[in-house]
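# Close look at the chain arrangement
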Amino acid sequence: VIIYGDLPKNKENVIYLSNHQCTVDWIIADMLAIRQNALGHVRYVLKDGLKWLPLYGWYFSQHGGVYVKRSAKFNEKEMRDKLRAQMKAETPMYLVIFPEGTRYNPEIPKVIADSQSFAEKEGLAVLKHVLTPRVKATHVAIDTMKDYVDAVYDVTVAYEGTLDHKGQRKVAPSMTEFLCKECPRVHIFIDRIELKDIPEEQVYMRRWLHERFEIKDKLLIEFYDAKDSKRRNKFPGKGVHSKLSLKKTLPSLLFLGGLTASMLMTESGRKLYVKTWIYGTLIGCLWVSIKP
């Protein structure tokens, strides 16, 4: 994990804005949070369809996640109410938002072309390595929690090994590929932004957010397209190889590994494991349909 920019050592209440390429992006937020002793505080703004994920859909909802629908179906009041409930409970907040709304995937050029066409139509800069960001969820989060969060983290993520032999960008690694080390390094650039430097009105925040994504695009152009091959596969500036101590990772590994192994080693444990997935999923789906 190579970190550039200004990641504070101490935990803060933050809104985390990032480009989105694959499911591993969710884990990147965890990687940064654990370095600030804030791992249990990570909460996500997710597209509505993910609430039907087996077990996880219910878990994200119970853990302060916010499900949102896109475009005209976006329910601003529902999101504000969920965030206010978290604030009232004085819940630590590491709220992760992917403003693009969907993944940037070079193998789906229509999504990229539509995003670029929309930007051009709206008089916004056309972006190459990120999609045109949507402002609604970001505006609601910042506006609702402006007196609660300490800062906004603007995070840009790039995965090594995502250039083909012709120098063209490839799709980001899947979770399986990532865990099997087919992506040797992750490069993470962090800008910590004070709330006072962000415009409050949505129309101005939209422009501000797009400008932030222009900065991301320039970083990624440097990463993927730099004419000097020695400057590729890294961001400008000094990157720090960030390691974690065993005491931050080993206890969780031993606890979860031991618990899972002990269940799977006996017939009754395996039955309980299967029933947990089946009935937990059914109850979870019922729960999120009643109480999103």
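The shown structure was predicted, so the numbers you read here are calculated from the model rather than taken from an experiment.

### Describing the overall build of the chain
- Counting its secondary structure elements, the chain contains nine helices and eight strands.
- For 292 residues, the compact-globule formula gives about 19 Å, and the C-alpha radius of gyration of the chain, at 20 Å, lands near that figure.
- Principal-axis analysis of the C-alpha atoms places the extent of the chain at approximately 60 × 45 × 40 Å.
- Here the chain, with 292 residues, has 43% of them falling under the buried criterion.

### Quick notes on the packing of helix H3 (residues 76–88) against helix H5 (residues 136–144)
- With their axes 10 Å apart at the nearest point, H3 and H5 run at an angle of 35° to one another. Where H3 crosses over H5, the two elements pack in a sense that is right-handed. Residues Glu 76, Met 79, Arg 80, Leu 83, Arg 84 and Met 87 of H3 form the contact with H5, whose own contacting residues are Ala 137, His 139, Val 140, Ala 141, Asp 143 and Thr 144.
- A per-class count over the contact of H3 with H5 returns six nonpolar, two polar and four charged.

### Brief notes about the packing of aromatic side chains
- Evaluated as defined, the whole model comprises 14 aromatic pairs.
- For the ring pair Tyr 56 and Phe 60, a centre distance of 6.4 Å and an interplane angle of 35° mean the geometry is tilted. Within this pair, Tyr 56 and its partner Phe 60 are both found in helix H2 (residues 56–62), separated by four residues, close to a single helical turn.
- Overall, the relative accessible area of 11% leaves Phe 60 in the buried class.
- Cluster of aromatic residues (ring-pair linked, three or more members): Trp 26, Tyr 44, Tyr 56, Tyr 59, Phe 60 and Trp 277.
- Taking the ring centre of Phe 213 as reference, the NZ or CZ of Lys 216 above it sits at 5.3 Å.

### Thoughts on the layout of surface pockets
- The calculated volume of the largest pocket comes to roughly 1,700 Å³.
- Lining of the largest pocket is provided by 36 residues; of these, Ile 27, Asp 30, Leu 39, Tyr 56 and Leu 256 occupy positions nearest its centre.
- Elements that contribute at least two residues to the lining of the largest pocket include exactly helix H1 (24–34), strand S3 (42–47), H2, helix H6 (175–179), helix H8 (246–264) and helix H9 (267–290).
- Ranked by residues supplied to the lining of the largest pocket, first place goes to H8 with eight residues.
- Considered class by class, the residues forming the lining of the largest pocket number 25 nonpolar, seven polar and four charged.
- Counting contributing residues, the lining of the largest pocket receives three or more from each of domain 1 (2–244) and domain 2 (246–291).
- Roughly 940 Å³ of internal volume is contained in the second largest pocket.
- Lining the second largest pocket are 37 residues; nearest its centre among them are Pro 99, Glu 100, Gly 101, Thr 102 and Arg 134.
- Broken down by secondary-structure element, the contributors of at least two residues to the lining of the second largest pocket are S3, helix H4 (109–121), H5 and helix H7 (202–225).

### Examining the pattern of salt bridges
- Per the counting criterion, the structure on display carries 19 salt bridges.
- A salt bridge links Arg 80 to Glu 76, with the shortest nitrogen-to-oxygen separation between them at 3.0 Å. Pair noted here: Arg 80 and Glu 76 are both in helix H3, with a separation of four residues, about one helical turn.
- Judged by its relative accessible area of 36%, Glu 76 is partly exposed.

### What to know about the UniProt feature "domain: Phospholipid/glycerol acyltransferase" (unreviewed entry) in the chain
- Following the UniProt record, one finds the feature "domain: Phospholipid/glycerol acyltransferase" (unreviewed entry) at residues 14–139.
- When the span residues 14–139 is considered, its composition is 38% helix and 14% strand, and the gap between its end C-alpha atoms is 14 Å.

### Concerning a positive patch on the surface
- Together, Lys 47, Arg 70, Arg 103 and Arg 134 give the surface a local cluster of positive charge.
- Examined against the element boundaries, Lys 47 turns out to sit in strand S3.

### A few points about the domain arrangement of the chain
- Each assigned domain of the chain is listed here: domain 1 (2–244) and domain 2 (246–291).
- A straight line from the C-alpha centre of domain 1 to that of domain 2 covers 28 Å.
- On the domain 2 side, the residues contacting the 13 residues of domain 1 number 13 residues.
- Across the domain 1 to domain 2 interface the summed buried area is about 1,100 Å²; carbon plus sulfur atoms make up 71%.
- Remark: the boundary between domain 1 and domain 2 carries zero salt bridges.
- Where domain 1 meets domain 2, there are three residue pairs in polar contact (both at pLDDT 80 or more).

Thresholds, definitions, all that
- Residues numbered from 1 in each chain as written.
- Predicted model: local features only at pLDDT ≥ 70, side-chain atom pairs only at ≥ 80, totals over all residues.
- Heavy atoms only, no water.
- Helix = DSSP H or I, 4+ residues; strand = E, 2+ residues; numbered from the N terminus.
- Rg over C-alpha atoms; globule rule 2.2 N^0.38 Å.
- Buried < 20%, exposed > 50% of the residue type's maximum accessible area, 1.4 Å probe, protein only.
- Axes fitted to C-alpha atoms, helices over the stretch in contact; angles between N-to-C directions.
- Left-handed = near helix turned anticlockwise from the far one by under 90°.
- Contact = heavy atoms within 4.5 Å.
- Nonpolar A, V, L, I, M, F, W, Y, C, P; charged D, E, K, R; others polar.
- Phe/Tyr/Trp six-rings, centres within 6.5 Å; stacked < 30°, edge-to-face > 60°.
- Lys NZ or Arg CZ within 6 Å of the ring centre and 35° of its normal.
- 1 Å grid on protein atoms, 1.4 Å probe; cavity = no way out; pocket = protein on both sides within 12 Å on 5 of 7 lines; lining within 4 Å.
- Points joined across faces, edges and corners; volume = space filled by probe spheres on them.
- Domains from an automatic or database assignment.
- Salt bridge = Lys/Arg side-chain N within 4 Å of Asp/Glu carboxyl O.
- UniProt positions renumbered as here; feature names shortened; annotations may be inferred.
- Patch = residues over 30% accessible without salt bridge, like charges linked within 9 Å, V, L, I, M, F, W, Y side chains within 5 Å.
- Areas by Shrake-Rupley, 256 points an atom, 1.4 Å probe, with all protein chains shown as cover.
- Lys, Arg positive; Asp, Glu negative; His and termini not counted.
- Charge placed at Lys NZ, Arg CZ, Asp CG, Glu CD.
- Buried area = accessible area lost by both parts, 1.4 Å probe.
- Polar contact = N/O pair within 3.5 Å; in protein donor to acceptor, adjacent residues only side chain to side chain.

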